[in-house]
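Each chain, written out:
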Amino acid sequence: MVERDLLGRLREICLAFPEVTERPSHGAPTWFIRGRSSFASLWEHGHHRDDFPHLVCAAPPGAQEALVAAEPDRFFRPPYVGGRGWLGVRLDGEVDWAELAELCEDAYRTVAPKRLLQRLDAGSGPAAG
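Every residue gets a number counted from 1 within its own chain, in the order that chain's sequence is written. Reporting of local features is limited, given that this is a predicted model, to residues whose pLDDT is at least 70; pairs of side-chain atoms are given and counted only at 80 or more, and all residues count toward the totals for whole chains, interfaces and linings. No hydrogens and no water enter the side-chain calculation; it runs on all heavy atoms of the structure.

As a further point, take the environment of P18. Only DSSP runs of H or I with at least four residues qualify as helices, and only runs of E with at least two residues qualify as strands; both kinds are numbered from the N terminus onward. Along the polypeptide, P18 turns up in the loop between α1 (6-14) and β1 (20-25). Exposed residues in this analysis have more than 50% of their type's maximum accessible area, buried residues have under 20%, and partly exposed residues fall in between, with area computed by a 1.4 Å probe over protein chains only. Overall, the relative accessible area of 11% leaves P18 in the buried class. It is 9.5 Å that separates the C-alpha atoms of P18 and Y108, two residues lying 90 residues apart in sequence.

And the structure:
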């Protein structure tokens, strides 16, 4: 079953990080740090050959390869940004929101400057709900 409010749930997770804003980029809701550096995009109706709902997000070095190798039915190398290590996450099945919150936090940590990471560590990360 596909989650009905993917955007609402992801918005709640991503906007909880310090200095994050949301705006469309290439037709998809995208979350930016300080309005400049993106760390995640939701393709709710698919994109290009990936015609299923999915999140594309930054990932720490090696994470894309490890996750795609471990669970190729859930994770994939997305077009364009996959070469930079970004990760595609299928959202057309049952969504593990705690895991998705962790992936979003990893994406944020991959892109955010050190000062914002210090702020994040001083507070608490987003609740997965």
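Now that the structure has been shown, the text picks up again.
Moving on, we get to a negative patch on the surface. Taken together, the side chains of E94, D96, E102 and D106 define an acidic patch exposed on the protein surface. Tracing the sequence through the fold places E94 in the loop between β6 (87-90) and α3 (97-111). On the accessibility criterion, E94 (80% relative accessible area) is exposed. Nonpolar side chains (Val, Leu, Ile, Met, Phe, Trp, Tyr) within 5 Å and like charges within 9 Å form the patches, drawn only from residues with over 30% relative accessible area and no salt bridge. Only the protein chains shown count as cover for residues, and all accessible areas are computed by the Shrake-Rupley method using a 1.4 Å probe. Whenever Lys or Arg places a side-chain nitrogen within 4 Å of a carboxyl oxygen from Asp or Glu, that contact is recorded as a salt bridge. When charges are counted, neither His nor the chain ends are considered; positive counts come from Lys and Arg and negative counts from Asp and Glu. By convention, charge coordinates are those of NZ in Lys, CZ in Arg, CG in Asp, or CD in Glu.

Working rule for helices: expected span equals 1.5 Å times residues minus one. The first and last C-alpha atoms of α3 sit 21 Å apart over 15 residues, in line with the 21 Å expected at 1.5 Å per residue. For α3, the full list of buried residues reads W97, L100, A101, L103, C104, A107 and Y108. Mapping the buried residues of α3 onto a view down its axis gives an arc of 160°, with all of them on the same face. This arc corresponds to the set of directions leading from the helix axis out to the C-beta atoms.

Turning next to the packing of α3 against helix α4 (residues 114-122). Note on method: axes are straight lines fitted to C-alpha atoms, helices fitted across the in-contact stretch only, with angles between N-to-C directions ranging 0 to 180 degrees. Relative orientation of the contacting elements α3 and α4 amounts to 145°, with a least axis distance of 8 Å. Of the two elements, α3 crosses α4, and the hand of that crossing is left-handed. In contact with E105, Y108 and R109 of α3, α4 contributes L116, L117, L120 and D121. Among the residues making up the contact of α3 with α4, the classes are represented as four nonpolar, no polar and three charged. A crossing counts as left-handed when the near helix is turned anticlockwise from the far one by less than a right angle, and as right-handed when that turn is clockwise. For this analysis, residues touch if any pair of their heavy atoms sits within 4.5 Å. When residue character is reported, Ala, Val, Leu, Ile, Met, Phe, Trp, Tyr, Cys and Pro are called nonpolar, Asp, Glu, Lys and Arg charged, and the others, Gly included, polar.

In this section: the side chain of Q64. Its location among the elements puts Q64 in helix α2 (residues 63-70). Apart from the residues lying within four places of it in its own chain, the contact partners of Q64 are R77, P78, G82, G85, W86 and L87.

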